[in-house]
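Listed here are the chains, written in short residue letters.
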Amino acid sequence: MNKDAPRSFAELSFYLIRAATGAGLAPGLGEELAANAVYLATHDIDPSPDCARLLQVAWDDQERVIPTIQTTDKTVIYATGDFSPLSAITVAPIICDQIITDAHTKIFRSYLVQQPSQPMMFIAALARCTKVVGEVQITLRTLDNQMDVSLPQELQAAARIIQPDPDGIFEMEITRPGNSGELTTVDVNLSGGIVTNSEAWRIIYGFFHRSLVPSNAESRLAGAGAGLTDND
Amino acid sequence: MNTAIPLRSPADVMRLSRMGSMHATRLSFMPTLLRRMRRENWQFERIRFDVDKDGFGTTVLAVHTPDRTYSLIAFSHALDPEQRTDRVIAEAWDATFNLFDGVPTDADIERLSGNTPLQESGRFLASELVLARANKSVRLFNNVVECLAKGQQPDIDMLCEVGYLMRTTAVYGNGKFGCADRARTASRDETQSAFQLEMIAVYLIRWFTVCLVEHVASVKGGEQAVPLDPNLCRYLGIGNATGLGMAPFLIRHPKLIHRWCKARETALARVRSAALDDKTIIEKFKSRLDHIRKHLVEWNVADEIQQQRVLTLRNDMTHFALSLDNEIDTNDSSFWENVFQHSKQYSLEGQELVVSIMMEFNGHLIDDLADTLFDEERMLLNPAMSIGVLRDLLKTHYQWVNSFDFSDQKASDRFWYYSEDKIEPRLGKRYEEEGAELEMPLGIAYSIHLLGVTLTDWLDDQTVGEFCMQHPEHRHIIRRAQSLEQLDYAEVQDNLLDTTMRPIDLLRFKLAFFGASKFDPKSDLWTRITMYQGAPMPHEIPTANLDSWMFPVSPSATATA
């Protein structure tokens, strides 16, 4: 079969959750990564390049888990200590948690995320949030341009802007419009999975493989069904 | 429907000891499917049978529902006995299968012929709903071939001892290896409930095994050969070998498990609450109990623990049968509740078997619950919840965790992991073996315990969101606890990391929900079972008794009963 055959969403989720473990991340963060990736996939957006990059960054630098959050007129989120990018694996859940908490307390605050790494994964997390908090507005800033997207409706438009040059986005501003009380849903693709980038998948699989415990003769014999003949 | 009698407590039901004692009921997935097949007049068709004299080749068996067709594509292969193993790490099998959505074209079959025999190493499309494989019971398959070829029926004792011609060693669904995600079929009436696609596949595999054995015998015996006697045929189920892979499913799908258990307990409560006005039921009940006692006599296994449990179960049911004559008031309209209360003196296996029989006689009260055995698995973190409220939630819903002493290493001795050996799920010893940092997060009790310890330093008015930012390692268990707050039967209220934990109890629980029988544990880690044994063959479904095919007895025993 063509090696570019689609991956099912369940497959995507399983491999990413375990790959996150392989990259040294907590299970809850792996679940968020997988959920965001599946969300993109069900909207026909291949999440594998972003996921591969994020896993690599997580593996290379486990220290940058907690960002600095500075609240003045707006909440600014940036990497602690230097100008390194903010990982969507660790930071997107934090922002979503804040936005959901805001919604519970009827606060309409805006967030400024500086140097978002793999901004499409932030977008996915925020789009998932809209099921709880209603519409979310995002302003994406590049060095010479600014673009507005409204989630979840304009997810595809966001992908068209971001995916050609994910490193080009240096800032994301996130707001919840005051009239966003109505929860939103959009139709999704359940037809047949998503074709993933083969190089990205190779990296993801590499992290997945790190989550597997090496086998030896002793553990092999301790497995279910070991040591019995099945020619009966 | 209201019930005057409350449901059994989760603290009673969701313990491994009871879960590992459960039996099939009429709400199990196999009887549920068979009732639908009859209700909707499903039609079966042998579309293709390109199989050589040795039984090797390609077969397509289809079932037509009112709205669509599902096809079993079967590839049967020659297999070196050296390669025949039921383990996940196997590389070759006697037969490999897909359940296909619709009728496959020649191109589909050609494509799958290069993938299905490879199983986990193959790639599949959303048109494939299930991937499975099976190995022969070599001695029974050969015996049946030899006998039928000579114009004789097979040895009933051997047939009774084994119970199947082939046993499946994996039945994969829900998106595995590129197959269709469950979401693709979840809105269909016939596959909305749990594992219905897998049950369709297994039912067709059982039919396939009969087609295959009769074909090989026919070629070998020529005009002398005869088909299987219908009574023997019906008695042949399809075997299955199940290992640790099934256990993580139960922990990862707590909402689904809640639905299953809630339905089962609601069913029991309805039956207990019902008045018995038709006294003719009593005699039928006694007769059915006699039949099930014969079934128990035929349930013999090599595992000493399980065999002892079966012996106790036989004694329980003998006592129960006598009690129906002289102890339980059969004139009381509260007959079902009296039976239930009476059963409390029996072993857990005995208690649960009585529950199954009670449910079997009350389909009119409970069959609608078969339509509630599914749920979406969405779990959401509520970051706005205060730490004080979270603490209260844990106290209320996870109080059972306090019964475990995690200061004793034995309570966290085990860890569940995937081996690099074909991703085989295994259990390790945390303090002796490497790899615990890669464990699957299945130790819910331990995770709740660790969360409680970390929460000690936090104030009640701080939020879960703030806590998760500092402690992402607890995010998954908080999300789980919050999501399951209203679902009493979602958690297995035991410690899955304890050194004394028996995974076999989890397997038994799930397999009972499938509708399996003849549990035959081979260790604490895996079991063989039989599925659909006693169930009607496809052509018999329109006229068969679908209320009492479970707990079958051998054809010879039927004849003398």
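Source: prediction; values computed, not measured.

Peer 1: Lay out the overall build of chain B with the relevant residues and their values.
Peer 2: The number of helices and strands found in chain B is 22 helices and eleven strands. Radius of gyration (C-alpha) of chain B: 24 Å, near the 24 Å computed for a compact globule of 561 residues. Each principal axis of the C-alpha atoms in chain B carries an extent, and together these give about 85 × 65 × 45 Å. Scored against the burial criterion, the 561 residues of chain B give a buried share of 51%.

Peer 1: Can you lay out the overall build of chain A for me, pointing to particular residues and giving the numbers?
Peer 2: Helices and strands together make up the secondary structure of chain A, namely eight helices and eight strands. Looking at chain A residue by residue over its 232 residues, the buried ones come to 49%. For chain A, contacts bridging at least 24 residues in sequence account for 76% of all contacts bridging at least 6.

Peer 1: Before we move on, can you summarise the nonpolar core with the specific residues and values?
Peer 2: Counting 231 residues, the largest nonpolar core has A:Leu16, A:Leu126, B:Leu72 and B:Ala201 as the members making the most contacts within it. Per element, the largest residue contribution to this core is 15 residues, and it comes from helix H8 (residues 196–221) of chain B. There are two domains that each give this core at least three residues, and those are domain 1 (40–243) and domain 2 (387–483) of chain B. Leave out the neighbours within four places in its chain, and B:Ala201 touches B:Leu72, B:Phe97, B:Leu99, B:Val130, B:Ala132 and B:Val171.

Peer 1: Can you lay out the packing of helix H14 (residues 335–343) of chain B against helix H15 (residues 348–360) of chain B for me, pointing to particular residues and giving the numbers?
Peer 2: Pairs of packed helices are described in terms of their axes, by the angle between the two and the distance that separates them. All names here are of chain B. Closest axis-to-axis distance for the H14/H15 pair is 9 Å, and the angle between their directions is 165°. Regarding the angle of H14 to H15, the classification is roughly antiparallel. As H14 runs across H15, the sense of the crossing is right-handed. Listed contacts from H15 to Trp336, Val339, Phe340 and Ser343 of H14 are Gly350, Gln351, Val354 and Met358. Split into classes, the residues belonging to the contact of H14 with H15 amount to five nonpolar, three polar and no charged.

Peer 1: I'd like to hear about the pairing of strand E8 (residues 414–418) of chain B, residue by residue, with values.
Peer 2: It is a general feature of regular strands that their side chains alternate between the two faces of the sheet. Residue and element names in this part refer to chain B. In terms of residue burial, E8 counts as a mostly covered element, since five of its five residues are buried. Pairing between E8 and strand E9 (residues 425–429): five bridges, direction antiparallel. Bridge assignment links Trp416 to a residue of E9, and that residue is Leu427. The turn joining E8 and E9, which pair antiparallel and follow one another in sequence, is formed by six residues; a positive phi near 55° is taken by Lys422.

Peer 1: An account of the interface of chain B and chain A is needed here, citing residue identities and associated values.
Peer 2: Opposite the 53 residues of chain B that make contact, chain A presents 43 residues. Secondary-structure elements contributing two or more residues to the side of chain B that touches chain A are helix H5 (138–149), helix H7 (182–185), E8, E9, helix H19 (464–470) and helix H20 (475–483) of chain B. Of the residues in the side of chain B that touches chain A, the class split is 21 nonpolar, 15 polar and 17 charged.

Peer 1: Hey, could you go over the sheet that holds strand E7 (residues 237–242) of chain B for me, with residue numbers and the actual values?
Peer 2: Residues and elements named next belong to chain B. Taken together, the nine strands give an open sheet; going across it, the order is E1-E2-E3-E4-E5-E6-E7-E11-E10, and neighbouring strands pair in mixed fashion. The outermost strands of the open sheet, each flanked by one partner alone, are strand E1 (43–51) and strand E10 (517–521). Along the sheet, successive strands turn relative to each other by an average axial angle of 25°, direction set aside. Here strand E6 (residues 164–172) runs beside E7; their pairing, made up of three bridges, is parallel. Bridge pairing links Thr168 to Asn240 in E7. Across the face of the sheet, helix H4 (residues 106–113) comes into contact with strand E2 (57–64), strand E3 (69–76) and strand E4 (95–101) while running at roughly 45° to E3.

Peer 1: Run through the pairing of strand E8 (residues 171–175) of chain A, naming residues and quoting values.
Peer 2: All names here are of chain A. Here E8 shows one buried face, formed by Met172 and Ile174, and one open face, formed by Glu171, Glu173 and Thr175. By the bridge criterion, four bridges tie strand E4 (residues 111–114) to E8 in an arrangement that is antiparallel. Residue Tyr111 lies in a different strand from E8, and its bridge partner there is Ile174. With five bridges connecting them, strand E6 (residues 136–142) and E8 associate as antiparallel partners. Among the inter-strand pairings, Ile138 is bridged to a residue of E8, identified as Ile174.

Peer 1: Can you break down the domain arrangement of chain B residue by residue, with the values?
Peer 2: Domain parsing of chain B yields domain 1 (40–243) and domain 2 (387–483). On a C-alpha basis, the centroid separation for the pair domain 1 of chain B and domain 2 of chain B is 41 Å.

Peer 1: Break down the environment of B:Met501 for me, citing the residues and quoting the values.
Peer 2: All names here are of chain B. Its place among the elements puts Met501 in the loop between H20 and helix H21 (503–514). Residues Met501 and Leu72, spaced 429 residues apart in sequence, show a C-alpha to C-alpha distance of 38 Å. The residues touching Met501, leaving out its near neighbours within four places in the chain, are Leu16, Arg414, Asn495 and Leu496.

Peer 1: I'd like a description of the confidence of the model for chain B, backed by residues and values.
Peer 2: Looking at chain B, the pLDDT average stands at 94 and 99% of residues meet or exceed 70. For this predicted complex, the interface confidence score (ipTM) comes to 0.93, while the overall pTM stands at 0.94.

Peer 1: Lay out the environment of B:Thr280 with the relevant residues and their values.
Peer 2: In this structure, B:Thr280 sits in helix H12 (residues 280–298). Residues B:Thr280 and B:Met501, spaced 221 residues apart in sequence, show a C-alpha to C-alpha distance of 44 Å.

Peer 1: Please provide a residue-by-residue account of H5(B), values included.
Peer 2: All names here are of chain B. Here H5 is twelve residues long and its end C-alpha atoms lie 16 Å apart, about the 16 Å a rise of 1.5 Å per residue gives. Of all the residues in H5, the buried ones are Leu140, Phe141, Val144, Val145, Cys147 and Leu148. In this fold, the buried residues of H5 make contact with strand E5 (128–136), helix H6 (156–162), E6 and H8.

Peer 1: Quick rundown of the sheet that holds strand E2 (residues 75–78) of chain A? Include the residues and the values.
Peer 2: Residue and element names in this part refer to chain A. Taken together, the six strands give an open sheet; going across it, the order is E1-E2-E4-E8-E6-E7, and neighbouring strands pair in mixed fashion. The open sheet is flanked by strand E1 (68–71) and strand E7 (145–151), the only strands paired with a single partner. The average angle at which neighbouring strand axes cross in this sheet is 20°, direction not considered. Pairing geometry for E1 and E2, over four bridges, is antiparallel. Looking across to E2, one finds that Ile69 is bridged to Ile77. Of the strands in this sheet, E2, E4 and E8 touch helix H4 (residues 88–104), which is tilted by about 175° from E4.

Peer 1: How would you summarise the confidence of the model for chain A if you had to cite specific residues and measurements?
Peer 2: For chain A, per-residue confidence averages 87 on the pLDDT scale, and residues scoring 70 or more make up 85% of the total. Confidence, read as mean pLDDT per element, is least for helix H8 (residues 217–222) of chain A in chain A (75) and greatest for helix H7 (residues 198–210) of chain A (97).

Peer 1: Account for helix H18 (residues 444–455) of chain B, naming residues and giving values.
Peer 2: Residues and elements named next belong to chain B. Under the 1.5 Å per step criterion, the end-to-end length of H18 is 16 Å for twelve residues, consistent within 8% with the ideal 16 Å. What H18 keeps buried is the set Ile444, Ala445, Tyr446, Ser447, Ile448, His449, Leu451 and Leu455. The secondary structure elements touched by the buried residues of H18 are helix H10 (246–252), helix H17 (387–397) and H20.

The rules behind these values
- Counting restarts for each chain, with residues numbered from 1 along the sequence as it is written.
- Going through the entries in the order they are written, you letter the chains from A and number the ligands from 1.
- Totals for whole chains, interfaces and linings use every residue, but because this is a predicted model, local features are given only for residues with pLDDT of at least 70 and side-chain atom pairs only at 80 or more, for both listing and counting.
- Runs of H or I in DSSP of at least four residues are treated as helices and runs of E of at least two as strands, each being numbered from the N terminus.
- Every radius of gyration here is taken over C-alpha atoms, with the globule rule written as 2.2 Å times N^0.38, N being the number of residues.
- Field definition: a residue is buried when 20 or more other C-beta atoms are found within 10 Å of its C-beta, exposed when 12 or fewer are, and partly exposed for counts in between, with C-beta atoms placed from the backbone.
- For every residue pair, C-beta atoms are placed from the backbone, and the pair is scored as a contact if these atoms sit within 7 Å.
- Any nonpolar core is a set of buried residues, restricted to Ala, Val, Leu, Ile, Met, Phe, Trp, Tyr and Cys, that join up through C-beta atoms within 7 Å.
- Each domain's extent is set by a domain assignment, obtained either automatically or from a database.
- Here an axis means a line fitted to C-alpha atoms, over the contact stretch when the element is a helix, while the angle between two N-to-C directions is reported on a 0 to 180 degree scale.
- Orientation categories follow fixed angle ranges, with anything under 35 degrees roughly parallel, anything over 145 roughly antiparallel, 65 to 115 roughly perpendicular, and all other angles oblique.
- A clockwise turn of the near helix away from the far one marks a right-handed crossing, whereas an anticlockwise turn of less than a right angle marks a left-handed crossing.
- Ten residues, namely Ala, Val, Leu, Ile, Met, Phe, Trp, Tyr, Cys and Pro, are considered nonpolar, four, namely Asp, Glu, Lys and Arg, are considered charged, and the remaining ones, Gly among them, are considered polar.
- Only strands that DSSP links by at least two bridges are regarded as paired with each other.
- pLDDT measures how confident the predictor is about each residue, on a scale from 0 to 100.
- To estimate the expected span of a helix, subtract one from its residue number and multiply by 1.5 Å.

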